[in-house]
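Listed below are the residues making up each chain.
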Amino acid sequence: MIVCVCNSLRDNDIRRAAESGATSVIDAYARLGTAPQCGCCLECAQDMIDAHHEDAREPVAA
């Protein structure tokens, strides 16, 4: 799914940036070599980043 039309970023790109440690949209985009343009994607991208980090914090059931 395309998240950012201006920079042609897909959901996998945002997830990859979050996996590499990005905690904000600005940080994620910088890791991807770009920056937000129109801003329409900011909420969606941040939700994806937050979800990744929430999933990473959940303990693994034994």
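Our subject is the structure listed above.
Overview of the structure. (Residues numbered from 1 in each chain as written. Predicted model: local features only at pLDDT ≥ 70, side-chain atom pairs only at ≥ 80, totals over all residues. Heavy atoms only, no water.)

So, a negative patch on the surface
Inclusion rule: Surface patches are defined over residues having more than 30% relative accessible area and no salt bridge, joining like charges when they lie within 9 Å and nonpolar side chains (Val, Leu, Ile, Met, Phe, Trp, Tyr) when within 5 Å. To be clear on the numbers: accessible area is Shrake-Rupley with a 1.4 Å probe, and residue cover counts the displayed protein chains and nothing else. The working definition used for a salt bridge is a side-chain nitrogen of Lys or Arg within 4 Å of a carboxyl oxygen of Asp or Glu. Under the counting rule used here, the positive set is Lys and Arg, the negative set is Asp and Glu, and His together with the chain ends is not counted. Each charge is placed at NZ for Lys, CZ for Arg, CG for Asp and CD for Glu. Numbering of helices and strands runs from the N terminus; a helix is a DSSP stretch of H or I covering at least four residues, while a strand is a stretch of E covering at least two. The cut-offs for exposure are 20% and 50% of the maximum accessible area for each residue type, with area from a 1.4 Å probe on protein chains only; residues under the lower value are buried, those over the upper are exposed, and the others partly exposed.
A contiguous patch of negative charge, built from Glu-43, Asp-47, Asp-50, Glu-54 and Asp-55, is present on the exposed surface. Tracing the chain through its elements places Glu-43 in helix H3 (residues 42-57). Relative accessible area serves as the criterion here: at 62%, Glu-43 is assigned to the exposed category.

Some thoughts on the environment of Leu-32
The following threshold applies: In this description, contact between two residues means that some pair of their heavy atoms is separated by no more than 4.5 Å.
Turning to its location among the elements, Leu-32 is positioned in the loop between helix H2 (25-31) and H3. The partly exposed category is assigned to Leu-32, whose relative accessible area is 23%. When residues no more than four places from it in sequence are discounted, the contact partners of Leu-32 are Leu-9, Asp-13, Ile-14, Arg-16 and Ala-17.

Side note on the pattern of salt bridges
Summed over all chains, the structure comprises three salt bridges. In this structure, Asp-13 and Arg-16 form a salt bridge, with 3.4 Å as the shortest nitrogen-oxygen distance. Here the residue Asp-13 and the residue Arg-16 both occupy positions in helix H1 (residues 11-19), the gap between them amounting to three residues, near one helical turn. Among the residues examined, Asp-13 registers a relative accessible area of 16% and is labelled buried. Since its relative accessible area comes to 47%, Arg-16 is described here as partly exposed.

Quick notes on unusual backbone geometry
Although it is not a glycine, Ser-8 sits at a positive phi angle of roughly 50°. Mapped onto the secondary structure, Ser-8 falls in the loop between strand E1 (2-4) and strand E2 (9-10).

Remarks on the packing of H1 against H3
Here is the rule: Orientation is described by lines fitted to C-alpha atoms, with helices fitted over the stretch in contact, and by angles between N-to-C directions that extend from 0 to 180 degrees. Any angle that is under 35 degrees is reported as roughly parallel, and any over 145 degrees as roughly antiparallel; angles of 65 to 115 degrees are reported as roughly perpendicular and all others as oblique. The crossing is said to be left-handed when, going from far helix to near helix, the turn is anticlockwise and less than a right angle, and right-handed when the turn is clockwise. Under this grouping Gly is polar, as are all residues other than the nonpolar Ala, Val, Leu, Ile, Met, Phe, Trp, Tyr, Cys and Pro and the charged Asp, Glu, Lys and Arg.
For the pair H1 and H3, the least separation of the axes is 9 Å and the interaxial angle reads 45°. The angle between H1 and H3 places the two elements in the oblique class. Where H1 crosses over H3, the two elements pack in a sense that is right-handed. Side by side, H1 and H3 meet where Asp-11, Ile-14, Arg-15, Ala-18 and Glu-19 of the first sit next to Ala-45, Met-48, Ile-49, His-52 and His-53 of the second. Looking at the contact of H1 with H3 residue by residue, the classes come out as five nonpolar, two polar and three charged.

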